[in-house]
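Chains, contacts and geometry: an overview
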Amino acid sequence: MATPAPTLAAPNAADRAATDMAAIVKDAALFALVTFGLCVPIVAFRTDLSQTSALDLVPRWGLVAILCGLVFVGRLAQRMILANRDARRALTPSPTQATEAVDATPNASQKLSSYALPAFLGVTLAFPLLAVLGTGGLGESRYWIDLGILILTYVMLGWGLNIVVGLAGLLDLGYVAFYAVGAYSYALLSTVFGLSFWICLPLAGLFAGLWGMVLGFPVLRLRGDYLAIVTLAFGEIIRLVLINWTDFSGGAAGISSIPRATFFGVPFTADEDGFAAKFGLDFSPMHRVIFLYYLILVLALITNGVTLRLRRLPIGRAWEALREDEIACRSLGINTTNTKLTAFALGAMFGGFAGSFFAVRQGFVSPESFNFLESAIILAIVVLGGMGSQIGVAVAAVAMVGGPEMLRNLGFLKAVFGDGFDPNEYRLLLFGLAMVIMMIWRPRGLISERAPSIVLKERKRISGSLVKEGHG
């Protein structure tokens, strides 16, 4: 009589959980070890100038241990959260295999996004008043209003680039070139020809849009990484031309003494023809700053309004068709050449408007203000906020521009890391870590749902998790 073949006992749930936990701990320990290797040459020692004018190496192994511990705990938490998510997904059937209709109704957090734009508008309108009340005076609020102007500038730049990247799906790494064209257009027209800001503003947008079309023609057949490389090269070419063409742009020294903007012909000066005298106010230099704040707010809202309007028009739907599938877009008879050129030109035009405002606010422009880092920040704002989402771009601009500034005021961390700890040295490191965590947690961006451009009966926001599956 033949003996039955031995059977292998299936591992129970406890054994699998123990094996998975061991793998998770091993992976977290590996991340901590890599962090230790990176921290030894960068963080472990600090150079201080001694009383004898010699450099002393001050060890900081405690800080290295804290960073390694944070990385270990963070990686451990991330792996455990992902393991729980995968376990839940394994018990839930895939929507593509479901035999009944898939519910694409957004959840509560996605419904709240419909109120985000009015709330954002209300906060921005009242921000100067809140800053004055919070600081106790008009002069004391200068820092916060300047920060608001900087954030709104990047909001406008993000909304302009969102046309190219978010709606048309064209990866543009040279957007700062149009920002520079707008700034130098106003600087040259105002200093050489004596034109006012209100005349130079539309001209700067037109010049930047023209350069957008010039960039669009050579890249009509490119897409993806090749398009990104060419646009990156275009941005660097513009910067190098501004540096080396000294007779035209002033070279690396830039252009200074740029005329300031006026309130429709009324200057912000202390004389009898100034803004304060005209309106019976006590003169304050903050009048010009508040005017610039509301000026960039109006420009940003115009950018947002035009983008939302164009998205509902045939050109906006052509952009989205081009983003989803260029081959299918061609098969439907859409002229992809005109579609791409309009996306580049309109996005560049809004970048030129923002550049003109930058020049009138600073009173000085130089090529160093328009390096690749600016393009990377603007593109990161669009991607982090959610490509195609207007309110997501605004929230991401607040986080990316205002976040590092808020990290300057982390003096309470000295009680944890010691009196020698300077938060300014680590603010970009902490901010970069926050961005990595954000992209892991929300890889589709802060606002991942998608509002259809045109609807048949009822308008519904489509969850971002269903877009790639063909439900949105």
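The chain is annotated in an unreviewed UniProt entry as High-affinity branched-chain amino acid ABC transporter permease LivM from Methylobacterium terricola. Regarding the chain, the UniProt comment filed under Subcellular location (unreviewed entry) reads as follows: "Cell membrane".

Considerations on unusual backbone geometry
Leave glycine aside and you will find that most residues have negative phi; peptide bonds, for their part, are mostly trans. Even without being a glycine, Ser 257 presents a positive backbone phi close to 55 degrees. Within the secondary structure, Ser 257 is located in the loop between helix H9 (246-249) and helix H10 (275-278). In this structure, Phe 264 takes a positive phi of about 55 degrees despite not being glycine. A residue is classified by how much of its surface remains accessible, and Phe 264, at 60% relative accessible area, is exposed.

Describing the packing of aromatic side chains
The tally for this structure, following the rule as stated, stands at 25 aromatic pairs. Each residue in the set Tyr 186, Phe 197, Trp 198, Phe 263, Phe 264, Phe 268, Phe 275, Phe 279 and Phe 291 is aromatic and connected to the rest through ring pairs, giving one cluster.

Side note on the pairing of strand E2 (residues 55-59)
Two strands pair when backbone bridges link them, and strand E1 (residues 45-49) and E2 are joined in this way by five bridges, in the antiparallel orientation. The residue bridging Asp 48 from the neighbouring strand is Asp 56, located in E2. What sits between the antiparallel neighbours E1 and E2 is a turn of five residues, in which Ser 53 has the positive phi angle 60 degrees.

Some details on a nonpolar patch on the surface
There is a patch of nonpolar side chains on the surface, built from Leu 30, Phe 31, Leu 33, Val 34, Phe 36, Leu 38, Phe 45, Leu 57 and Trp 61 and spanning about 890 Å² of accessible area. Examining the composition of the nonpolar patch, we find that six residues originate from one element, helix H1 (residues 13-42), more than from any other. Relative to the assigned elements, Phe 36 resides in helix H1. When its relative accessible area of 37% is taken as the criterion, Phe 36 is described as partly exposed.

Some details on the packing of helix H15 (residues 372-385) against helix H16 (residues 390-406)
At a minimum axis distance of 8 Å, the contact between H15 and H16 shows a crossing angle of 125 degrees. Relative to H16, the element H15 lies oblique. Crossing of H15 against H16: the hand is right-handed. Note on element contacts: H16 touches H15 through Gly 392, Val 393, Ala 396, Ala 397, Met 400 and Val 401, opposite Ile 377, Ala 380, Ile 381, Val 382, Leu 384 and Gly 385.

Quick word on the nonpolar core
Counting residues in each nonpolar core, the largest one holds 88 residues, and the members touching the most others are Ile 149, Leu 161, Phe 357, Val 365, Phe 370 and Ile 381. In terms of residues, this core owes the most to one element, helix H5 (residues 142-167), which gives 15 residues. With residues near it in sequence (within four places) discarded, Leu 161 still touches Gly 166, Asp 172, Tyr 175, Ile 378, Leu 379 and Val 382.

What counts and how
Residues numbered from 1 in each chain as written. Predicted model: local features only at pLDDT ≥ 70, side-chain atom pairs only at ≥ 80, totals over all residues. Heavy atoms only, no water. UniProt positions renumbered as here; feature names shortened; annotations may be inferred. Helix = DSSP H or I, 4+ residues; strand = E, 2+ residues; numbered from the N terminus. Buried < 20%, exposed > 50% of the residue type's maximum accessible area, 1.4 Å probe, protein only. Phe/Tyr/Trp six-rings, centres within 6.5 Å; stacked < 30°, edge-to-face > 60°. Pairing = 2+ DSSP bridges. Patch = residues over 30% accessible without salt bridge, like charges linked within 9 Å, V, L, I, M, F, W, Y side chains within 5 Å. Areas by Shrake-Rupley, 256 points an atom, 1.4 Å probe, with all protein chains shown as cover. Salt bridge = Lys/Arg side-chain N within 4 Å of Asp/Glu carboxyl O. Axes fitted to C-alpha atoms, helices over the stretch in contact; angles between N-to-C directions. Parallel < 35°, antiparallel > 145°, perpendicular 65-115°, else oblique. Left-handed = near helix turned anticlockwise from the far one by under 90°. Contact = heavy atoms within 4.5 Å. Core = buried A, V, L, I, M, F, W, Y, C linked by side-chain atoms within 4.5 Å.

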